[in-house]
Amino acid sequence: MTTSPDVFQKIVSHTKEHGFIFQSSELYDGLGAVYDYGPLGVLMKNNLRELWWTSMVRLQDNIVGLDAAILMHPQVWKASGHIDAFNDPLIDNKDSKKRYRADVLIEEFIEKLEQKSQKETDKKATKEGWSVDSDEYQRFLKGNRDAKKAQETQEKFSVAMENNDMEALKSLIEECGITCPESGTRNWTEVRQFNLMFKAQLGALAEESTDIYLRPETAQGIFVNFLNVQKSSRMKVPFGIAQTGKAFRNEIIARQFIFRMREFEQMEMQYFVKPGTQQQWYAYWKSERLKWHATLGLGVGKIRTHVHEKLAHYADAAEDLQFQFPFGFKELEGIHSRTDFDLKQHQELSGRKLQYFDPEENASYLPYVVETSIGLDRLFLAHLCDAYTEENVPSGNGTEETRTVLKLHPLVAPVKVAVFPLVKKDGLPEIAQNLLNDLKFTFQVTYDEKDAVGRRYRRQDAKGTPFGITIDYDTLTDEAVTIRDRDTMLQTRVPLAQVKDWLTKTLSLQTYFKQAT
C-alpha cells in the first residue's frame, strides 16, 4: 500500500477514472455522501459480497440466509431502541456554520495525542537503544505527557458518553481546546442529540399516512424472523442467520468518501446461542473473522482489534476490527455479544413468544446472540486502499517508470483475466477471441487489442486484473500462450489447451481458504 500524504485523494480519483465509483447524481452537482458503483466497482463489490456469503453461509453447516424487507413496521424500531436512542451528539461552530459530531471531535483529539506519544517514544527509543518490546519502551509509551493526557481525556469522554451527558461533552471540548477545522475558532454551540433514521410515509394520502423508517441496520429483520427461520429450517441452537442488504442513516457528518455514507450495504450474521455460552462464541467468531480477512490479504499489521469503552445498550461485550486506512485506523467490522436484548424487546412489545424450545435441555429460553457486522462499502474501500500502489519498474528503453497498480487479491479483483492478441492480424485475434469465449463461462474476462502490449498491461494493472494472457506468433506453432502475473510481472508459458485448468486452480476459492485453516 502506498502511504504518501495525498494517497487517499489519489485513490478517490483513481476510482472514478477507471470506473469503480462515481458521485451519485453528479450531473446535478451530486448528492452528499451518496455514491454509485461503476462497471468495475459493481463487479468487485459482488465479489466481496459473494466471498462473505460463501464463507458465512455456504461453507457452514448451521447458518442460513435471509433477505428481509427494507421497510418494516415502526414498532420494530421502537422495540430495538432506535426511535429513542439512535442519536449522535452534534455541535456547531458559530463562525464557520459547520456541524460536527462532538464524539468524533474528541476521539480525533485523543488519537492525535496518541500519535504524538508514539512519535515521541520512537524518538526516545532510537536515542536510548530501546527495543519495542522492552520495559523501558512500554513505560515511556504509557507514561509520557501526551499518553497521560490521552488517557485522562478518554476516561472523561467515556463517562460523558455512558451518562449521555451533553454538557460534559461540551465542557470536554472546551477543556481540550478543540478548534473548528474550518474556522480555527472555539466558538461552539451547545451539544444536542440528533436521530439518524430517515423517516418516510406509508399511504396514498398524506393525512392518512403512517410514519415509517428506512432501516438503519439489517439486524432487526433477522430478529423478527427468528422463529420463522428456526422452525422452517429445523435449526437447533447454536445456529446463525446471515443477511446482506442496504441500510440508511441520515449522517450529518458524512465524509472520507465511501467510508461513511447515507446509503450503504451491510453484511451481518446473528448467531443464536445458549445463554451462558456467549463469551465462548464471541471469541470464536472474532477469531474466524480475523482469519477471513487475513485470507483475503488484510492480515497482521493491517487490522487491529479495539475493545469498546462504552457498550451499546444491547451488548455485554463488543470489539471492533479496525483497518489502517490512509486517514488512520478506523472500524471495519464489529463483533458484538448482544445478549437476549433484541428478542426480549420484540417479545415484550409484540406480545408474542419468541422462546426457543431446547430438546436437549427440555426447556424453553430466549437465546443470546453473537453478531458479526461489516459494512460492504468499507470493506471495498479497505481493499482499494490496501491494493493501491505506486512503484518504479523497468521501462522498455532501459530506464525506470512509475507504475500505478491495484494489487487486489485475485478473488477480489473485478476482472480476473485480460486476453491480448500481440497484433491485430495473422490469425492472432481469432485465437484470442476463441480463448476469451471459452473462459467467459467461468471467469470475468476482458479483451484488448489496442496499443502496444506493454500499454495494455499497464491499463489492466491500474484496474487490478491479476493475469494477462498474450497470444503471440509462437502460439501459431507451439499452441501455447504467455500468462503474465500482475504483481511480479513474471511471465509463464502455458499450453493453450491447459489455460482454463491453470486459471481454475490458481483462482480456486478452495485453495485460498484451505491455506487459511
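Within every chain, residues take consecutive numbers counted from 1 along the sequence as written. Only residues with pLDDT of at least 70 are given local features in this predicted model, and only at 80 or more are side-chain atom pairs given and counted; all residues enter the totals for whole chains, interfaces and linings. To get the side-chain values, all heavy atoms of the structure are used, and hydrogens and water are removed first.

*Asks:* Explain the sheet that holds strand 22 (residues 480–485) here, please?
*Replies:* A pair of strands counts as paired when DSSP detects no fewer than two bridges linking them. What counts as a helix is a DSSP run of H or I of at least four residues, what counts as a strand is a run of E of at least two, and both are numbered from the N terminus. Read from one edge to the other, the open sheet built from 5 strands follows the order 20-19-21-22-23, with strand pairing classed as mixed. Of all strands in the sheet, those bounded by a partner on one side alone are strand 20 (445–447) and strand 23 (491–495). For this sheet, the mean angle separating the axes of adjacent strands, direction not counted, is 25 degrees. In the sheet, strand 22 pairs with strand 23 via 5 bridges, with the strands oriented antiparallel. The partner of I483 across the bridge, within strand 23, is T492. Whether two residues touch is decided by their heavy atoms; if any such pair falls within 4.5 Å, the residues are in contact. Throughout, an axis means a line fitted to C-alpha atoms (over the contacting stretch in the case of helices), and angles, computed between N-to-C directions, take values from 0 to 180 degrees. Helix 15 (residues 453–463) rests against strand 19 (417–421), strand 20, strand 21 (467–471), strand 22 and strand 23 of the sheet, and its axis sits at about 165 degrees to strand 19. The strands touched by helix 17 (residues 499–506) are strand 19, strand 21, strand 22 and strand 23; relative to strand 21, the strand with the most contacts, the crossing angle is about 170 degrees.

*Asks:* So what exactly am I meant to see when it comes to the sheet that holds strand 5 (residues 99–101) here?
*Replies:* Strand pairing in a sheet relies on backbone hydrogen bonds, with the paired strands running either antiparallel or parallel. As summarised here, the arrangement of the 3 strands in space is 5-4-6, forming an open sheet in which the pairing is antiparallel. The sheet is open, and its two borders are formed by strand 5 and strand 6 (192–195), each paired with just one other strand. Recorded for the sheet is a direction-independent mean angle of 45 degrees between the axes of neighbouring strands. Of the strand pairs in this sheet, strand 4 (residues 87–92) and strand 6 are connected by 4 bridges, and their pairing is antiparallel. For P89, the partnering residue across the bridge sits in strand 6 and is Q193. In the packing of helix 5 (residues 102–128) onto the sheet, contacts are made with strand 4 and strand 5, and the angle to strand 5 comes to roughly 65 degrees.

*Asks:* Is there a simple way to explain the packing of helix 5 against helix 7 (residues 145–162) in this structure?
*Replies:* Between two packed helices, the angle of one axis relative to the other and the distance separating the axes together describe the packing. Where helix 5 meets helix 7, the closest approach of the two axes is 8 Å, and the angle between their N-to-C directions is 160 degrees. Compared by their axis directions, helix 5 and helix 7 come out roughly antiparallel. In this structure, the crossing between helix 5 and helix 7 has a hand that is left-handed. Only D146, A147, K149, A150, T153, Q154, F157 and M161 of helix 7 make contact with helix 5, whose side of the interface consists of D103, I106, E107, F109, I110, L113, E114, K116 and S117. Under the scheme applied, nonpolar residues are Ala, Val, Leu, Ile, Met, Phe, Trp, Tyr, Cys and Pro; charged residues are Asp, Glu, Lys and Arg; polar residues are all the others, including Gly. For the contact of helix 5 with helix 7, a count of residues per class yields 8 nonpolar, 3 polar and 6 charged. Convention used here: angles under 35 degrees read as roughly parallel, angles over 145 as roughly antiparallel, angles from 65 to 115 as roughly perpendicular, and any remaining angle as oblique. For any helix crossing, the convention is left-handed if the near helix is rotated counterclockwise from the far helix by under a right angle, and right-handed if that rotation is clockwise.

*Asks:* Is there a simple way to think about the environment of Y356 in this case?
*Replies:* Looking at the element boundaries, Y356 is found in strand 14 (residues 356–358). Leave out the neighbours within four places in its chain, and Y356 touches F226, Q230, M235, K236, V237, A363, S364, Y365 and P367. Within the structure, Y356 has its side chain in polar contact with the backbone nitrogen of V237 (distance 3.2 Å). Polar contacts, as counted here, are pairs of nitrogen or oxygen atoms within 3.5 Å of one another; within protein the pair requires one atom able to donate a hydrogen and one able to accept it, and residues that are adjacent in sequence qualify only if both atoms are side-chain atoms.

*Asks:* So what exactly am I meant to see when it comes to the environment of F420 here?
*Replies:* Looking at the secondary structure, you find F420 in strand 19. Sequence-wise, F420 and R486 are 66 residues apart; in three dimensions their C-alpha atoms are separated by 14 Å. The residues touching F420, leaving out its near neighbours within four places in the chain, are D448, V453, R456, Y457, Q460, G468, I469, T470 and I471.

*Asks:* For this particular structure, what's the right way to read the side chain of S96?
*Replies:* Relative to the elements of secondary structure, S96 occurs in the loop between strand 4 and strand 5. Leave out the neighbours within four places in its chain, and S96 touches C180, E182 and S183.

*Asks:* Explain the packing of helix 2 (residues 39–58) against helix 11 (residues 278–295) here, please?
*Replies:* In the contact formed by helix 2 and helix 11, the axes pass within 12 Å of each other and the chain directions differ by 140 degrees. What the angle tells us is that helix 2 and helix 11 run oblique. As helix 2 packs across helix 11, the resulting crossing turns out to be right-handed. Only W285, R289 and W292 of helix 11 make contact with helix 2, whose side of the interface consists of L51, W52, S55 and M56.

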